[in-house]
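Here are the chains, one letter per residue:
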Amino acid sequence: MTHIRRPLLGLLSLLVGAVTIDRFGLQGAEEGALAPWVYGLALGAVALPFLLPALRRARPWALLALAVGAYLAIKALLPHSPGLGAFRLHVAAVEAAVVGLAALLAHRLAAGLEGLDHALAAIGFGDYPALPLEGPQKLSR
């Protein structure tokens with residue numbers, strides 16, 4: 001159960017940490033540190049491994065690259081507000097880290113749940129029976 005407990009605790013800690021960073025802010029008291037679309041992207045990075053079995057079975061770095069690549073693409077396509085000034089590397093690094101960590105933790109949690117699902121199916125439906133279902137069999141000569 002540790003392979004499920006740790007990623008779940010990590011996802012919850014990441015959420016609390018992201019909200020805390022956003023509340024106290026890296027930019028100042030008038031604005032939050034993380035853009036609102038970053039939370040949506042992190043939610044998508046968490047949901048994808050649960051929705052697509054191919055991503056559950058893929059290497060964790062593939063999902064990380066997909067999530068951070070999506071972040072960079074959206075960041076490049078969104079127009080910058082005139083009041084925000086120049087590109088701030090520290091804010092972008094925190095946003096990319098939140099999205100990337102969410103993707104990695106979600107991948108580990110989804111893989112752990114899939115492993116638990118297979119184990120419960122094997123126990124419940126007899127994929128690997130410990131005892132023969134017919135009972136003791138007599139040897140015929």
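Rules of the game
Residues numbered from 1 in each chain as written. Predicted model: local features only at pLDDT ≥ 70, side-chain atom pairs only at ≥ 80, totals over all residues. Heavy atoms only, no water. Core = buried A, V, L, I, M, F, W, Y, C linked by side-chain atoms within 4.5 Å. Buried < 20%, exposed > 50% of the residue type's maximum accessible area, 1.4 Å probe, protein only. Helix = DSSP H or I, 4+ residues; strand = E, 2+ residues; numbered from the N terminus. Salt bridge = Lys/Arg side-chain N within 4 Å of Asp/Glu carboxyl O. Expected span 1.5 Å × (residues − 1). Axes fitted to C-alpha atoms, helices over the stretch in contact; angles between N-to-C directions. Parallel < 35°, antiparallel > 145°, perpendicular 65-115°, else oblique. Left-handed = near helix turned anticlockwise from the far one by under 90°. Contact = heavy atoms within 4.5 Å. Nonpolar A, V, L, I, M, F, W, Y, C, P; charged D, E, K, R; others polar.

### Brief notes about the nonpolar core
- Among the nonpolar cores identified, the biggest contains 12 residues, and these are Ala-35, Val-38, Leu-41, Ala-45, Leu-55, Leu-63, Ala-67, Tyr-71, Ala-92, Ala-96, Val-99 and Ala-103.
- Those elements that place two or more of their residues in this core are helix H2 (36–51), helix H4 (60–77) and helix H5 (89–125).
- A per-element tally of this core places H5 first, with four residues.

### Some details on the pattern of salt bridges
- Inspection of the entire model under this criterion finds three salt bridges.
- Here Arg-56 makes a salt bridge to Glu-114, at a shortest N to O gap of 3.7 Å. With Arg-56 in helix H3 (residues 53–57) and Glu-114 in helix H5, this pair connects stretches of sequence that are 58 residues apart.
- Judged by its relative accessible area of 17%, Arg-56 is buried.
- The buried category is assigned to Glu-114, whose relative accessible area is 14%.
- Note that Glu-114 and Arg-57 form a salt bridge whose closest N and O atoms lie 2.9 Å from each other. Placement of the pair is Glu-114 in helix H5 and Arg-57 in helix H3, with a sequence separation of 57 residues.
- Taken together, the shared-partner salt bridges in this structure form one network comprising Arg-56, Arg-57 and Glu-114.

### Digging into helix H1 (residues 2–24)
- For H1, spanning 23 residues, the distance from its first C-alpha to its last is 32 Å, which sits close to the expected 33 Å at 1.5 Å a residue.
- Those residues of H1 that sit buried are Ile-4, Pro-7, Gly-10, Leu-11, Leu-14 and Ala-18.

### Thoughts on the packing of H2 against H4
- One way to put it is that H2 packs onto H4 with a least axis distance of 11 Å and a crossing angle of 155°. The orientation of H2 with respect to H4, classified from their angle, is roughly antiparallel. As for how H2 packs across H4, the hand of that crossing is right-handed. Where H2 approaches H4, its residues Trp-37, Val-38, Leu-41, Ala-45, Leu-48 and Pro-49 are matched on the opposing element by Leu-63, Leu-66, Ala-67, Ala-70, Tyr-71, Ile-74 and Lys-75.
- Its residues assigned to classes, the contact of H2 with H4 shows 12 nonpolar, no polar and one charged.

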